[in-house]
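Structural overview
Read off the chains here:
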Amino acid sequence: MDGETVSLEAIVNNNLSGRDLEEFNRIYYGRRDHHEVKLKDSSIAAAKDADFEIAAYAFPAKKEHTRPPRIVKVGVIQHSIAAPTDRPVNEQKNAILAKVKKIIDVAGQEGVNILCFQELWNMPFAFCTREKQPWCEFAESAEEGPTTRFLRELAVKYAMVIVSSILERDENHADMLWNTTVVISDTGNVIGKHRKNHIPRVGDFNESNYYMEGNTGHPVFATRYGKIAVNICFGRHHVLNWMMFGLNGAEIVFNPSATVAGEAGSEYMWNIEARNAAITNCYFTAAINRVGYEEFPNEFTSADGNPAHKDLGLFYGSSYFCGPDGVRCPGLSRTKDGLLIGVMDLNMNRQIRDRRCYYMTQRLDMYAESLRKVLDLDYKPQVVHEIEK
Ligand SMILES: NC(=O)NCCC(=O)O
């Protein structure tokens, strides 16, 4: 990935210093100082060895009289694929698992409590191709498949909740495929799963050829470390999707994604959407994207007049966290594998809710009534015209 911009942060840090940099940080990130958290020397060495970036930031809340702090260490991993896409399915999958295990081990040693990966992390994002073979063979059972079994052991070993986005094959329902995120408890049990609610039909994202819109609603998983939910990739463009997780009590919402720099993925929106969701819903968000180019054996087009091509473009990484106050940390790089850790005091959610009253001022009743009317076949938009006199 020579020649690619490394990150927005690199551009800013290479060009600003002193008061200008502080002012940029205050206005853009929401605070002058990123509250960097010190990492173990062994983690830094392991990251260097395995060639991934590692960074950690704190999101402290105010001290309260009646509740102790609720500090949770949250980790997200972004990574590229690990073997060419023309290799046998299991070779490709095992290569990714082996590579990512090194990052999970570092997260475990850093005491990460909840860890989330990018969208469909154990396979190439092959849905651009529209080919069914061999890509459908990456699908596995959410509860009993090899990826879940692999992670269950690590969840127990590190007392870590793991949020794993995979291509699911539901053998109990006629072998159907789903884009599913599995939530594995620190006990090693599968707490539950959520299926992607909004399936893209844009650019090369031809996912609707493979799976349908999810049927699991907006579940919030009550883990030992906090209540979490998953808004899978394209769902980040849908504000009501984010809202429902908040209404169901989510304290942290993960957005495992696979998105590219072009119009279909809209890199300029990436830094806004999960951040806006954190603000309007007063919860923490974690946006996680894939990294690198994934070239497929056969060319494909997207019926947009552009020449046929073999890859979707650059998956630009840039994973980040945002707090309910809208303060975010620097993102990981656009080009490199990475582990980002956020040390979050979940007390901040209620503190911000009390202060800003966004839930209290929400007017759900008014919107429920308006939405009911919009769904009527004979709905007329509420547009007021000037009356000519
Ligand atoms: N994976 C996925 O839903 N990508 C769609 C493109 C985007 O909006 O990011």
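Criteria and cut-off values
- Residues numbered from 1 in each chain as written.
- Predicted model: local features only at pLDDT ≥ 70, side-chain atom pairs only at ≥ 80, totals over all residues.
- Heavy atoms only, no water.
- Disulfide = S-S within 2.5 Å.
- Buried < 20%, exposed > 50% of the residue type's maximum accessible area, 1.4 Å probe, protein only.
- Helix = DSSP H or I, 4+ residues; strand = E, 2+ residues; numbered from the N terminus.
- Pairing = 2+ DSSP bridges.
- UniProt positions renumbered as here; feature names shortened; annotations may be inferred.
- Polar contact = N/O pair within 3.5 Å; in protein donor to acceptor, adjacent residues only side chain to side chain.
- Contact = heavy atoms within 4.5 Å.
- 1 Å grid on protein atoms, 1.4 Å probe; cavity = no way out; pocket = protein on both sides within 12 Å on 5 of 7 lines; lining within 4 Å.
- Points joined across faces, edges and corners; volume = space filled by probe spheres on them.
- Nonpolar A, V, L, I, M, F, W, Y, C, P; charged D, E, K, R; others polar.
- Right-handed = clockwise from strand over helix to strand, strands pointing away.
- Near = heavy atom within 4 Å.
- Areas by Shrake-Rupley, 256 points an atom, 1.4 Å probe, with all protein chains shown as cover.
- Sits in = over half its atoms within 2 Å of the grid points.

1. What about the state of the cysteines?
- One pass over the structure, following the stated rule, counts 0 disulfides.
- The closest cysteine sulfur to the non-disulfide-bonded cysteine 116 is located on cysteine 233, 12 Å from its own sulfur.
- You can call cysteine 116 buried: its relative accessible area is 0%.
- With no disulfide of its own, cysteine 128 lies 13 Å from the sulfur of cysteine 136, the closest cysteine sulfur.
- For cysteine 128, a relative accessible area of 1% puts it in the buried group.

2. Here's the deal with the pairing of strand β4 (residues 161-170)
- Most of β4 sits out of view: 9 of its 10 residues are buried.
- Bridge count between strand β3 (residues 114-117) and β4: 3 bridges; the pairing is parallel. If you follow isoleucine 114 over to β4, its bridge partner there is valine 161.
- Here 9 bridges tie β4 to strand β5 (residues 176-184), and the two strands are oriented antiparallel to one another. The residue of β5 that forms the bridge with glutamate 168 is tryptophan 178.

3. What about the UniProt feature "domain: CN hydrolase" (unreviewed entry) in the protein chain?
- With numbering matched to this structure, UniProt assigns "domain: CN hydrolase" (unreviewed entry) to residues 72-346.
- With 21% helix and 25% strand, residues 72-346 has its two end C-alpha atoms placed 7 Å apart.

4. Considering the side chain of histidine 79
- Among the structural elements, histidine 79 can be located in the loop between β2 (71-78) and α4 (89-109).
- In terms of polar contacts, histidine 79 uses its side chain to reach the backbone carbonyl oxygen of tryptophan 121, at 3.4 Å.
- For histidine 79, the contacting residues outside a window of four places in its chain are Ile96, Lys99, Val100, Gln118, Trp121, Arg290, Val291 and Asp337.

5. Re the layout of surface pockets
- In this structure, the largest pocket spans a volume of roughly 270 Å³.
- Taken together, 15 residues form the lining of the largest pocket, with Val239, Asn276, Ala277, Thr280 and Asn281 sitting closest to its centre.
- Mapped by element, the contributors of at least two residues to the lining of the largest pocket are α6 (239-247) and α7 (267-281).
- At 6 residues, the largest contribution of residues to the lining of the largest pocket is made by α7.
- Considered class by class, the residues forming the lining of the largest pocket number 7 nonpolar, 6 polar and 2 charged.

6. Looking at the pairing of strand β10 (residues 284-288)
- Counting buried positions along β10 yields 5 of 5 residues, so the element is predominantly enclosed.
- Going residue by residue along β10, you find Phe284, Ala286 and Ile288 tucked away on one face and Thr285 and Ala287 tucked away on the opposite face as well.
- In the sheet, strand β9 (residues 252-256) pairs with β10 via 5 bridges, with the strands oriented parallel. Residue pairing across strands places asparagine 255 opposite alanine 287, the latter belonging to β10.
- For the crossover that starts at β9, traverses α7 and ends in the parallel β10, the hand is right-handed.
- In terms of strand pairing, β10 meets strand β13 (residues 320-322) through 3 bridges, oriented antiparallel. Bridge pairing in β13 places alanine 286 opposite phenylalanine 321.

7. Quick word on the environment of lysine 227
- Summarising the element assignment, lysine 227 is placed in strand β8 (residues 226-230).
- What makes lysine 227 partly exposed here is its relative accessible area of 39%.
- Sequence separation between lysine 227 and tyrosine 320 is 93 residues, and the spatial gap between their C-alpha atoms is 19 Å.
- Excluding residues that lie within four positions of it along the chain, lysine 227 makes contacts with Val220, Phe221, Ala222, Gly249, Ala250, Glu251 and Ile252.

8. Some words on unusual backbone geometry
- Residue glutamine 133 is joined to proline 134 through a cis peptide bond whose omega torsion reads 0°.
- For aspartate 51, which is not a glycine, the phi torsion comes out positive at approximately 60°.
- Tracing the backbone shows aspartate 51 in the loop between α3 (41-49) and β1 (53-59).
- For aspartate 51, a relative accessible area of 49% translates into the label partly exposed.

9. A look at the site of the ligand
- Taken together, 14 residues lie around the ligand, and Glu119, Lys196, Arg236, His237 and Thr259 are the ones closest in.
- Between the ligand and the protein, one listed contact pairs an oxygen atom with a side-chain N or O atom of arginine 236 at 2.9 Å.
- Contact distances for the ligand include 2.6 Å between an oxygen atom and a side-chain N or O atom of threonine 259.
- Here the ligand loses 100% of its free accessible area of 280 Å² to cover by the protein chains.
- More than half of the atoms belonging to the ligand lie within 2 Å of the grid points that define the largest cavity.
- Of the residues belonging to the shell around the ligand, the class tally is 7 nonpolar, 3 polar and 4 charged.

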